[in-house]
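This is what each chain is made of:
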Amino acid sequence: MPKSRKILDVADSYAVRLMQHLVVPTFVIDPKRRVVIWNRACERLTGVGAAEVIGTSKHWQAFYETKRPCLADLVALDRPEQLPEYYSEYAARGHNGLGFSAENWCVMPKLGSQLYLAIDAGPIHDEAGNLIAVVETLRDLTDQKRAEMALKELATKDGLTGLANRRAFDQMLLGEWARAQRTQKPLALLFVDVDHFKLFNDQHGHQSGDECLRAVASVVNRHAVRPLDLASRYGGEEFALILPDMDCDSACMVAEAIRCAVMALAIAHGAMGAGDHVTLSVGVASHIPGSTDGSPDRLLGAADEALYVAKRLGRNRVVCAERVLAEFAALGGKPVPAPVRHKSA
């Protein structure tokens, strides 16, 4: 055997042993996407032994329940365009040169628990530029990701009720407004206010007031049933419900269901000037944004005015912005425009 060949064999053997003992979970696939190295750290991370995957293309089974490519496979196939299909966070570092990076949740079937992994995959080429292997390394970022998610939840949740807070409401409303402009579908908004809440606090105390708000919040949240519906505490005793793709009539039905559900709770009120039980006033508006509608302020103002009218008409009722004039006319009243308090962030 030539001396140069012997040196190369020794170097290869050393490289394999080094990779096997790396503390970084690592595996290597050949150009046909068969596993040639599955190091001990990768065994510990996945619960899958090297003997189960060496010589096969079954490495995906360590991370997912259904067959799909791993990052190393996309490098081997040179498919950067498929990164968005499989990863929420990703970067392509070069066309078939420097490889890809990505992050995502993996179900880890052998472990029975999900892990959030940061993944790097890079190609190895011979002197002629031919692909001879792809190396994939993994980092477990589960603890960091869960801490990040917890902080994000704290930043977007109301501490008393557990609903989305004002910040989350403003962000969601802007996003849904932009989507409604693109799709030309209606966007509905409910403002829900607890009637005579200051009197309730004066009569029953702030602890009972907090319990009342939590009970109302639970009812409002139960009516945010679709994936894009958002129930939020807007401030004080006021709640807001964003209902995408919903016209005013349908939104009024939701509002009436919320009002009736809170009445059914029969939360004792009894303060002077209020009824026997806690009730709600609800303002409803729905709008299809036009190209000149730059912000949701029109929708906010309409729902706000409808709520104001519901209060003026005696509370414990639902008023739709489209029927404000009719509501006043029915009772012989004169509409008084409400000051627009609600502005989007």
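Participant: Requested: an account of the overall build of the protein chain, with residues and values cited.
Facilitator: Scanning the protein chain from N- to C-terminus turns up twelve helices and eleven strands. Looking at the protein chain as a whole, 43% of its 345 residues qualify as buried. Of all intrachain contacts in the protein chain linking residues separated by at least 6 positions in sequence, the fraction that spans at least 24 positions is 56%. For the protein chain, the exposed area adds up to about 17800 Å²; of that, 54% sits on carbon and sulfur atoms.

Participant: Describe in detail the environment of Arg146, supporting the description with residues and values.
Facilitator: Following the sequence through the fold, Arg146 ends up in helix α6 (residues 142-156). Arg146 sits in the partly exposed class, given a relative accessible area of 44%. C-alpha of Arg146 to C-alpha of Tyr116: the two residues are 30 residues apart in sequence and 8.8 Å apart in space. The contact partners of Arg146, leaving out residues within four places of it in the chain, are Trp105 and Gln114.

Participant: Talk me through the side chain of Ser101; I want residue IDs and the actual numbers.
Facilitator: Examined against the element boundaries, Ser101 turns out to sit in strand β4 (residues 100-106). Of the residues examined, Ser101 reaches a relative accessible area of 17% and is grouped as buried.

Participant: Can you break down the state of the cysteines residue by residue, with the values?
Facilitator: Applying the stated criterion across every chain, the model contains one disulfide. Note on cysteine connectivity: Cys248 is disulfide-linked to Cys320, with sulfurs 2.1 Å apart. One quick way to see it: the torsion about the S-S bond of Cys248 and Cys320 is about 115°, and its sign makes the bridge right-handed. Here the residue Cys248 occupies a position in helix α10 (residues 248-265), and Cys320 occupies one in strand β11 (residues 318-320), the gap between them amounting to 72 residues. Each member of the pair, Cys248 as well as Cys320, carries the same accessibility label: buried. Free of any disulfide, Cys252 has its nearest neighbouring cysteine sulfur in Cys320, separated by 4.0 Å.

Participant: Describe the environment of Cys106, naming the residues involved and giving the relevant values.
Facilitator: Counting through the fold element by element, Cys106 comes out in strand β4. When its relative accessible area of 1% is taken as the criterion, Cys106 is described as buried. C-alpha of Cys106 to C-alpha of Leu117: the two residues are eleven residues apart in sequence and 7.0 Å apart in space. Residues in contact with Cys106, not counting those within four places in the same chain, are Phe63, Tyr64, Ser113, Gln114, Leu115 and Leu117.

Participant: Run through the sheet that holds β11, naming residues and quoting values.
Facilitator: Strand order in the open sheet formed by five strands is β8-β9-β7-β10-β11, and the pairing between neighbours is mixed. The sheet is open, and its two edges are formed by β8 (230-235) and β11, each paired on a single side. Adjacent strand axes in the sheet meet at a mean angle of 20° when their direction is disregarded. As defined by bridge partners, β8 adjoins strand β9 (residues 238-244) across five bridges and the pair is classed as antiparallel.

Participant: Residue-level account of the nonpolar core, with values.
Facilitator: Judged by nonpolar contacts, the single largest core of 34 residues is most densely connected at Leu190, Phe239 and Val284. The set of elements that each furnish at least two residues to this core consists of β7 (187-194), α8 (197-204), α9 (206-222), β9, α10, β10 (280-287) and β11. Residues contacting Val284, with those up to four places away along its chain left out, are Leu189, Leu190, Cys248, Ala251, Cys252, Ala255, Ala303, Ala306, Val318, Val319, Cys320 and Ala321. Counting 31 residues, the second largest nonpolar core, distinct from the first, contains Phe27, Cys42, Trp60 and Val134.

Participant: Explain the confidence of the model for the protein chain to me, and be specific about the residues and the numbers.
Facilitator: With 89% of its residues at a pLDDT of 70 or more, the protein chain shows a mean pLDDT of 89. Within the model, pLDDT remains below 50 along residues 3-8, and this stretch shows one contact once partners closer than five positions in the same chain are excluded.

Participant: Can you break down the packing of α8 against α9 residue by residue, with the values?
Facilitator: α9 packs onto α8 with a crossing angle of 135° between their chain directions and a minimal axis gap of 7 Å. Taken together, the axes of α8 and α9 are oblique relative to one another. On α9, the residues touching Phe197, Phe200, Asn201 and His204 of α8 are His206, Ser208, Gly209, Cys212 and Leu213. Of the residues assigned to the contact of α8 with α9, the class counts are four nonpolar, five polar and no charged.

Participant: For α8, give the residues involved together with the corresponding values.
Facilitator: Those residues of α8 not exposed but buried are Phe197, Phe200 and Asn201. Angularly, the buried residues of α8 cover 95° about the axis, an arc narrow enough to put them on a single face. Exposed side of α8, more than 90 degrees from the buried face: Lys198 and Asp202 are the residues found there. Tucked into the core, α8 has its buried residues touching β7 and α9. Positive backbone phi, at 95°, marks Gly205, one or two positions downstream of α8.

Definitions and limits used
All residue numbers refer to position in the chain's written sequence, counted from 1. Local features in this predicted model are restricted to residues whose pLDDT is 70 or higher, and side-chain atom pairs enter the listing and the counts only when it is 80 or higher, whereas totals over whole chains, interfaces and linings include all residues. Heavy atoms throughout the structure, all of them, feed into the side-chain values; hydrogens and water do not. Here a helix means four or more residues in a row that DSSP labels H or I, a strand means two or more in a row labelled E, and each is numbered from the N terminus. Only protein chains enter the calculation, and the probe is 1.4 Å; a residue is then buried if its accessible area is under 20% of its type maximum, exposed if over 50%, and partly exposed in between. Note on contacts: a residue pair qualifies if any of its non-hydrogen atoms lie within 4.5 Å across the two residues. Here the Shrake-Rupley method, with its probe set to 1.4 Å, supplies the accessible areas, and only the displayed protein chains count as covering residues. Cysteine sulfur atoms are paired as a disulfide whenever they fall within 2.5 Å. Any two strands with at least two DSSP bridges between them are considered paired. For helices, the fitted axis covers only the stretch in contact; all axes are lines through C-alpha atoms, and the angles between them, taken along N-to-C directions, range from 0 to 180 degrees. Put simply, a nonpolar core is a bunch of buried Ala, Val, Leu, Ile, Met, Phe, Trp, Tyr and Cys residues held in one set by side-chain atoms that sit within 4.5 Å of each other. pLDDT measures how confident the predictor is about each residue, on a scale from 0 to 100. What sets the label is the angle itself: under 35 degrees gives roughly parallel, over 145 gives roughly antiparallel, 65 to 115 gives roughly perpendicular, and the rest give oblique. In this count, Pro and Cys sit with the nonpolar residues alongside Ala, Val, Leu, Ile, Met, Phe, Trp and Tyr, while Asp, Glu, Lys and Arg are called charged and the others, Gly among them, polar. Working definition: the arc comes from the directions between the helix axis and the C-beta atoms, pointing outward to the latter.

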